[in-house]
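# Topology and contacts: notes
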Amino acid sequence: MAYQPSPGRYSFMEYRRCGNSGLKLPALSLGLWHNFGRQDDYERCKSILHTAFDCGITHVDLANNYGPPAGSAEETFGKILKDDFKAYRDEMIISTKAGWPMWPGPYGDFGSKKYLMASLDQSLKRTGLNYFDIFYHHRPDPETPIEETMATLHQIVQQGKALYVGISSYSPEQTKEAIKVLNYLGTPMLIHQPKFSMLVRDAEKGLLDTLDKSGVGCITFSSLAQGILTDRYLNGIPEDSRAASRRGNGALDANVITEELIGRIQQLNGLAEGRGQTLAQMALAWVLKDKRITSVIIGASKPEQVLDSAQCLRNYNFSEDELRQIDAILG
Ligand SMILES: NC(=O)c1ccc[n+]([C@@H]2O[C@H](COP(=O)([O-])OP(=O)(O)OC[C@H]3O[C@@H](n4cnc5c(N)ncnc54)[C@H](OP(=O)(O)O)[C@@H]3O)[C@@H](O)[C@H]2O)c1
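Here's what I pulled together on the structure shown here. Note that residues are indexed from 1 along each chain, following the sequence as it is written. With pLDDT at 70 or above as the cut-off, local features in this predicted model cover only qualifying residues; side-chain atom pairs require 80 or more to be listed or tallied, and sums for whole chains, interfaces and linings still use all residues.

### Comments concerning the site of the ligand
This is how it is decided: In this analysis a residue is considered near a molecule or strand if the C-beta atom, reconstructed from its backbone, is found within 6 Å of that molecule or strand. Secondary structure follows DSSP: runs of H or I at least 4 residues long count as helices, runs of E at least 2 residues long count as strands, and numbering of each begins at the N terminus. Only Asp, Glu, Lys and Arg are considered charged in this grouping, and only Ala, Val, Leu, Ile, Met, Phe, Trp, Tyr, Cys and Pro are considered nonpolar; every other residue, Gly among them, is considered polar.
Looking at the ligand, there are 31 residues lining it, with Gly31, Trp33, Phe221, Gly227 and Gly299 nearest. Where the shell around the ligand is concerned, the elements lending two or more residues are strand S10 (295-298) and helix H10 (303-310). A total of 3 residues in the shell around the ligand trace back to one element, the largest contributor, which is H10. Here the residues of the shell around the ligand are counted per class, giving 9 nonpolar, 17 polar and 5 charged.

Rendered as structure tokens:
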């Protein structure tokens, strides 16, 4: 039977304005880095996307290299879009990125105009979209002048291939420079996508303030630390978990999950229980407590995880004491 979105899909989600732009994003977005590759079960991929949209998660985050193999997450999404979401395209914000290796030779990586233009055209073809809502430069390029990369983002908007542009994993200094160039060109930067969680807090060292002062939104990734900040690894490494999957492409490695780390995670889990939350909900709430955060991109291998994570919105307030305890547990 054809997918019918829930009529109540806008009743629960919170939508936050993205910097000074006109665009609002759901507090939770869905990322397709893993679990949407060619090897993954298509019906399950569909079910995760249906559940997310039914929760009011209107934003789907992609990149050219998501899979595996690279490109296959865009293909999977394109198929589901055609099957189930065609009528809802205007209710969705779909992003993609380029910046990591995609094809051999000097034109399939980093931030040249040659690479970004070709990659975006490939992403449009794989997804079957006419345009992306957001196109990102995925990581800073130490060699290409930032003026060339930003002028390419500007041109992409001028050409109508993306409505907005952003950057990912740029330092505060690189971000300031990129914002300056884009402002000069007349295409303001919409958003920055950093890694940010209770375990990885670099964004607190200048980046969040820079974005806030510049009116640029912030959407975080790996805020569940690829599953470490959930109940997944409390009692060992489950067979169906990402850490056991050997998927490659940056996926969580089982070696990272040490006894010492799990000891801390168990303490965090106790704190979450005391708040009446699952650990995943507390980890997401911890990020969303900061009003400078526009959205958190969640990953999920099952629709139930999306439902569980969405409940973080019920309580993202923390007492001073709870915050102190989290800091003490994580050292
Ligand atoms: N810009 C960048 O460079 C960059 C880099 C990385 C990611 N991203 C984006 O951010 C998205 C999210 O990153 P991520 O995949 O690392 O996400 P994450 O949200 O930190 O981790 C997702 C994993 O956590 C587990 N999980 C999720 N919800 C759960 C719940 N409620 N209860 C128990 N376990 C739960 C699942 O693990 P199992 O699979 O083991 O079930 C899931 O696959 C990506 O898809 C991508 O769009 C961007």
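### Observations regarding the pairing of strand S6 (residues 132-137)
Successive residues of a regular strand alternate their side chains across the two faces of the sheet. What counts, and what does not: Labels follow a simple rule on C-beta atoms placed from the backbone: if 20 or more others lie within 10 Å of a residue's own, it is buried; if 12 or fewer, it is exposed; otherwise it is partly exposed. For two strands to pair, DSSP has to find at least two bridges joining them. Think of it like this: strands point away, you trace from the first strand over the helix to the second, and a clockwise trace means the crossover is right-handed.
With 6 of 6 residues buried, S6 lies mostly within the body of the structure. Relative to S6, strand S5 (residues 93-98) runs parallel, the two sharing 4 bridges. Following the sheet pairing, Thr96 is matched in S6 by Phe135. Following the backbone out of S5, through helix H3 (residues 113-127) and into the adjacent parallel S6, one traces a crossover that is right-handed. Note: S6 against strand S7 (residues 162-168), 5 bridges, orientation parallel. When the sheet's bridge partners are listed, His137 is paired in S7 with Ile167. In this region the chain leaves S6, passes through helix H4 (residues 146-158) and returns to the parallel neighbour S7; the handedness of that crossover is right-handed.

### Considerations on the nonpolar core
Basically, it comes down to this: In these notes, a nonpolar core means any group of buried Ala, Val, Leu, Ile, Met, Phe, Trp, Tyr and Cys residues linked to one another through C-beta atoms within 7 Å. Note on contacts: each residue gets a C-beta atom placed from the backbone, and two residues are in contact if those atoms are within 7 Å.
Judged by nonpolar contacts, the single largest core of 86 residues is most densely connected at Ile134, Phe135, Val165, Ala283, Leu284 and Val296. In terms of residues, this core owes the most to one element, helix H9 (residues 279-288), which gives 9 residues. Those residues in contact with Ala283 that lie beyond four places of it in its chain are Ser197, Met198, Ser223, Leu224 and Leu229.

### Description of the sheet that holds S6
The following threshold applies: Axes here refer to lines fitted to C-alpha atoms; in helices the fit is confined to the stretch in contact. Angles between the N-to-C directions go from 0 to 180 degrees.
The parallel closed barrel is built from 8 strands, whose spatial order is S3-S4-S5-S6-S7-S8-S9-S10. On average, adjacent strands in this sheet sit at an angle of 30° to one another, irrespective of strand direction.

### Examining helix H2 (residues 72-85)
Put simply, the test is: Helix span is expected to be 1.5 Å times the residue number reduced by one. By definition, the arc is the one covered by directions from the helix axis to the C-beta atoms.
Taking 1.5 Å per residue, 14 residues should reach 20 Å; H2 reaches 18 Å between its end C-alpha atoms and fits that length. Among the residues making up H2, those that are buried are Ala73, Glu74, Thr76, Phe77, Ile80 and Phe85. Seen from one end, H2 has its buried residues packed into an arc of 155°, which puts them on one side. Turned more than 90 degrees away from the buried face of H2, the exposed residues are Lys82 and Asp83. Those residues of H2 that are buried are in contact with helix H1 (42-54), strand S4 (59-61), S5 and H3.

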